[in-house]
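# Observations on the model geometry
Given next are the chains, with one letter for each unit.
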Amino acid sequence: MSQRRLDGARAIVTGGTRGIGKAIASTEASLAEALDDLAGERVQALACDVTDAAAVESFVAEAVAVLGGLDVLVNNAGTYMLGRFEDLDDADWQRTFDVNVFGSVRCARAALPHLRASTSGRIVNIAST
């Protein structure tokens, strides 16, 4: 979608408090004015643990209520492992997959009915190494 087509889009950006997610949320907000100057009407931070299916359902429902609908889901929440490959155990891998893969699935599943109700529903998945 072009920037003009994003104007007024109701979007959820997971992992939006830092890094790429913050840049995406800031860019969306800057369509109106600088992020720091917003009074909460265009951008609102909501906490969510994407490893918890019930928390994701609640988060999406709350976000949709605040936004008045949903047009875009940006699956950006992610984690990474530090260390040498041979030193990482199954729990490290499980945590990474639970956040990076299954977290995106949980968010998409919760958002899908709302995105289908939109005339421009989109899901953007961001991945890393």
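Residues numbered from 1 in each chain as written. Predicted model: local features only at pLDDT ≥ 70, side-chain atom pairs only at ≥ 80, totals over all residues. Heavy atoms only, no water.

### Thoughts on the pairing of strand E3 (residues 122-125)
One ladder, built from four bridges, connects strand E2 (residues 72-75) with E3; its direction is parallel. Within E3, the residue paired with Leu73 across the bridge is Ile123. The parallel pair E2 and E3 is bridged by helix H4 (residues 90-117), and the resulting crossover is right-handed. (Pairing = 2+ DSSP bridges. Helix = DSSP H or I, 4+ residues; strand = E, 2+ residues; numbered from the N terminus. Right-handed = clockwise from strand over helix to strand, strands pointing away.)

### With respect to the state of the cysteines
Note: disulfide means a covalent bond formed between the sulfur atoms of two cysteine side chains. Under the criterion given, the structure shown has zero disulfides. Free cysteine Cys48: the closest other cysteine sulfur is in Cys107, separated by 5.6 Å. Cys48 gets classed as partly exposed once you look at its relative accessible area, which sits at 28%. We classify Cys107 as buried; its relative accessible area is 1%. (Disulfide = S-S within 2.5 Å. Buried < 20%, exposed > 50% of the residue type's maximum accessible area, 1.4 Å probe, protein only.)

### Re the environment of Gly15
Topologically, Gly15 is positioned in the loop between strand E1 (11-13) and helix H2 (19-29). The exposure class assigned to Gly15 is partly exposed, which follows from its relative accessible area of 34%. Residues Gly15 and Ala25 lie ten residues apart in sequence; the distance between their C-alpha atoms is 9.6 Å. When residues no more than four places from it in sequence are discounted, the contact partners of Gly15 are Gly21, Lys22, Asn76 and Ala77. (Contact = heavy atoms within 4.5 Å.)

### Here's the deal with the sheet that holds E2
Read from one edge of the open sheet, three strands run E1-E2-E3, paired in parallel fashion. Edge positions in the sheet fall to E1 and E3, since each of these pairs with one other strand and no more. Each strand of the sheet is rotated relative to its neighbour by a mean of 10 degrees, with strand direction disregarded. Its contacts with the sheet put H4 on E2 and E3, and the angle it makes with E2 is roughly 175 degrees. (Axes fitted to C-alpha atoms, helices over the stretch in contact; angles between N-to-C directions.)

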